[in-house]
Amino acid sequence: MRGGFTVEARNLGIAVRQRRLLEGVSLSILPSELVGIMGPSGAGKTTLLTALNGFARPTTGIVLLNGVDFYANHRLFAGYVGYLPQEDIVHRELTVGQALYYSAKLRLPRRSSDREIYSRISRVLEELGLSGIEGRTIGSPDIRNGLSGGERKRVNLAMELLSDPSLMLLDEPTSGLSSGDALVVMRLLRKL
């Protein structure tokens, strides 16, 4: 990944129609740290992540990346922040290679050649232990001829890693995975 970011949230709050979803949250994350945010269902974990990734501007407080106001300079940070939501972001009818190719066409600079794109896809798949599955259909949990849950989660992650973000925010990256697949994903995240 391109050099790391220091993330700092100061007194974040998010309110929607008089309802406080998040209040008074502050935190600091240093470059190369793997940080887990834990709490019960409905505690605001996803809301916090959407404030940190640029999707939901806080109603109070500030988000800083390397000391710079993230929301005041959102365009400056475009492409440097990756976000993996809870739900799969892959099309189950596509092969792994097709999904990653289309994602790369959207995320990488327009001047990227097909050769560069396929090279990047190959590197990311190797990093994630997925080499050789480019021709397999992604599928879904209810379609048994597709990828396993752990493979599908890693393909979702691969889509984000194609643009080589400096900061990755993952919302419940092991949700729905077997304990073995969850361990594989967590070890991969630590390595990355």
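This section reports on the structure supplied with the text. (Residues numbered from 1 in each chain as written. Predicted model: local features only at pLDDT ≥ 70, side-chain atom pairs only at ≥ 80, totals over all residues. Heavy atoms only, no water.)

Attention shifts here to the nonpolar core. Residues Val96, Leu100, Ile121, Leu128, Ile138, Val155 and Leu157 are the most contacted members of the largest nonpolar core, which totals 30 residues. For this core, the secondary-structure elements that each account for two or more residues are helix H3 (96–107), helix H4 (114–127), helix H5 (149–161), strand E6 (167–170) and helix H6 (179–191). Ranked by size, the runner-up nonpolar core spans 21 residues in total, among them Phe70, Phe77, Leu167 and Leu169. (Core = buried A, V, L, I, M, F, W, Y, C linked by side-chain atoms within 4.5 Å. Buried < 20%, exposed > 50% of the residue type's maximum accessible area, 1.4 Å probe, protein only. Helix = DSSP H or I, 4+ residues; strand = E, 2+ residues; numbered from the N terminus.)

Let us look at the sheet that holds strand E2 (residues 19–29). If you walk across this open sheet you meet the 4 strands as E2-E1-E3-E4, and the pairing is antiparallel. The strands lining the two open edges of the sheet, one partner per strand, are E2 and strand E4 (68–69). Alignment of strand E1 (residues 7–16) against strand E3 (residues 60–65), held across 5 bridges, turns out to be antiparallel. Across the sheet, the residue bridging to Arg10 is Ile62, located in E3. Where helix H1 (residues 45–52) meets the sheet, its contacts fall on E1, E2 and E3, and the angle it forms with E1 comes to roughly 120°. (Pairing = 2+ DSSP bridges. Contact = heavy atoms within 4.5 Å. Axes fitted to C-alpha atoms, helices over the stretch in contact; angles between N-to-C directions.)

Glancing now at the packing of H5 against H6. Running from N to C, H5 and H6 point in directions that differ by 25°, and their axes come no closer than 9 Å. In this view, H5 runs roughly parallel relative to H6, as classed from their interaxial angle. In the crossing of H5 with H6, the sense of the turn from one axis to the other is right-handed. Contact residues: Gly149, Gly150, Lys153, Arg154 and Leu157 in H5; Asp181, Val184, Val185, Leu188 and Leu189 in H6. Its residues assigned to classes, the contact of H5 with H6 comprises 5 nonpolar, 2 polar and 3 charged. (Parallel < 35°, antiparallel > 145°, perpendicular 65-115°, else oblique. Left-handed = near helix turned anticlockwise from the far one by under 90°. Nonpolar A, V, L, I, M, F, W, Y, C, P; charged D, E, K, R; others polar.)

Take the packing of H3 against H5 next. Taken N-terminus to C-terminus, the directions of H3 and H5 make an angle of 25°; their axes are 9 Å apart at the nearest point. One finds that H3 runs roughly parallel with respect to H5. The interaxial crossing formed by H3 with H5 has right-handed handedness. Residues Val96, Ala99, Leu100, Ser103 and Arg107 of H3 form the contact with H5, whose own contacting residues are Val155, Ala158, Met159 and Glu160. Counted by class, the contact of H3 with H5 contains 6 nonpolar, 1 polar and 2 charged residues.

Compared with an ideal rise of 1.5 Å per residue, which puts 14 residues at 20 Å, H4 spans 20 Å between its outermost C-alpha atoms and is within 8% of the ideal. Contacts made by the buried residues of H4 are with H3 and H5. Following H4 by one or two positions, Gly129 has its phi on the positive side, about 70°. (Expected span 1.5 Å × (residues − 1).)

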